[in-house]
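Residues per chain, in single letters:
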Amino acid sequence: MLLKSTTRHIHIYTAEIQNEELVDNEQVLTLDIDPDNEFNWNDQALQQIYRKFDQLVEAFNGEDLTEYNLRRIGSDLEHLVRSLIHGGEISYNLNCRAVNYSMGLPRVSS
């Protein structure tokens, strides 16, 4: 059974990608970061997300895999995305199809 957690910028599935399709697999967690391309990412910021994801998954090691636990992981990652945008480590993608400043107004240099 496919379990998932979807926040605005973080999607987690108990599935793997095969031929561009999600295929149920309770042994694999697939992480989709910023599926709407709302932000401009750099490798360092992405690695922070992946490391935090690994830490959070490890913290739940041995517990039942539930949608609730996936939502907790997704929410923690969403908070990390917010801290990255507020810290200036990532920026809004102004070419996104729907710029809505979901994590707060962008910084403007004076």
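Above this text sits the structure in question.
It should be emphasised that the depicted structure is a prediction, and the values quoted were computed from it without experimental measurement.

**Q** How would you sum up the overall build of the chain? Please name residues and give values.
**A** Along the backbone of the chain there are two helices and seven strands. Put simply, the chain runs from its N terminus to its C terminus through helices and strands in the order β-β-β-β-β-β-α-α-β. Projected onto the principal axes, the alpha-carbon positions of the chain cover approximately 50 × 30 × 25 Å. A buried classification covers 35% of the 110 residues belonging to the chain. Of the contacts formed within the chain by residues at least 6 apart in sequence, a portion of 52% connects residues at least 24 apart. For the chain, the computed accessible surface area is about 7200 Å², with 44% contributed by carbon and sulfur atoms. Seen as two clouds, the 9 positive and the 18 negative side-chain charges of the chain have centres 10 Å apart.

**Q** Could you give me a rundown of the nonpolar core, with the residues and numbers involved?
**A** With 21 residues, the main nonpolar core has I12, L31, I49 and L77 as its most contacted residues. Sorting the residues of this core by element identifies strand 2 (10-13), strand 5 (30-33), helix 1 (43-59) and helix 2 (67-86) as the ones contributing at least two each. In terms of residues, this core owes the most to one element, helix 2, which gives seven residues. Sequence-distant contacts of L77, defined by excluding residues within four places in its chain, comprise I10, I12, L31, I49, K52, F53 and L56.

**Q** Before we move on, can you summarise the packing of aromatic side chains with the specific residues and values?
**A** For any pair of aromatic rings, the description consists of the separation of the ring centres together with the inter-plane angle of the planes. What the rule picks out here adds up to two aromatic pairs. Seen in terms of ring centroids, F39 and W41 are 6.1 Å apart; in terms of plane orientation they differ by 90 degrees. Their pairing is edge-to-face. Note on F39 and Y92: the rings are 5.3 Å apart at their centroids and 35 degrees apart in plane angle, and the pair reads as tilted. Of this pair, F39 sits in strand 6 (residues 39-40) while Y92 sits in strand 7 (residues 91-92), and the two are 53 residues apart along the sequence. Residue classification places F39 among the buried residues on the basis of a relative accessible area of 3%. Since its relative accessible area comes to 8%, Y92 is described here as buried. A connected cluster of aromatic rings, assembled from ring pairs, spans F39, W41 and Y92.

How each quantity is defined
Residues numbered from 1 in each chain as written. Predicted model: local features only at pLDDT ≥ 70, side-chain atom pairs only at ≥ 80, totals over all residues. Heavy atoms only, no water. Helix = DSSP H or I, 4+ residues; strand = E, 2+ residues; numbered from the N terminus. Buried < 20%, exposed > 50% of the residue type's maximum accessible area, 1.4 Å probe, protein only. Contact = heavy atoms within 4.5 Å. Areas by Shrake-Rupley, 256 points an atom, 1.4 Å probe, with all protein chains shown as cover. Lys, Arg positive; Asp, Glu negative; His and termini not counted. Charge placed at Lys NZ, Arg CZ, Asp CG, Glu CD. Core = buried A, V, L, I, M, F, W, Y, C linked by side-chain atoms within 4.5 Å. Phe/Tyr/Trp six-rings, centres within 6.5 Å; stacked < 30°, edge-to-face > 60°.

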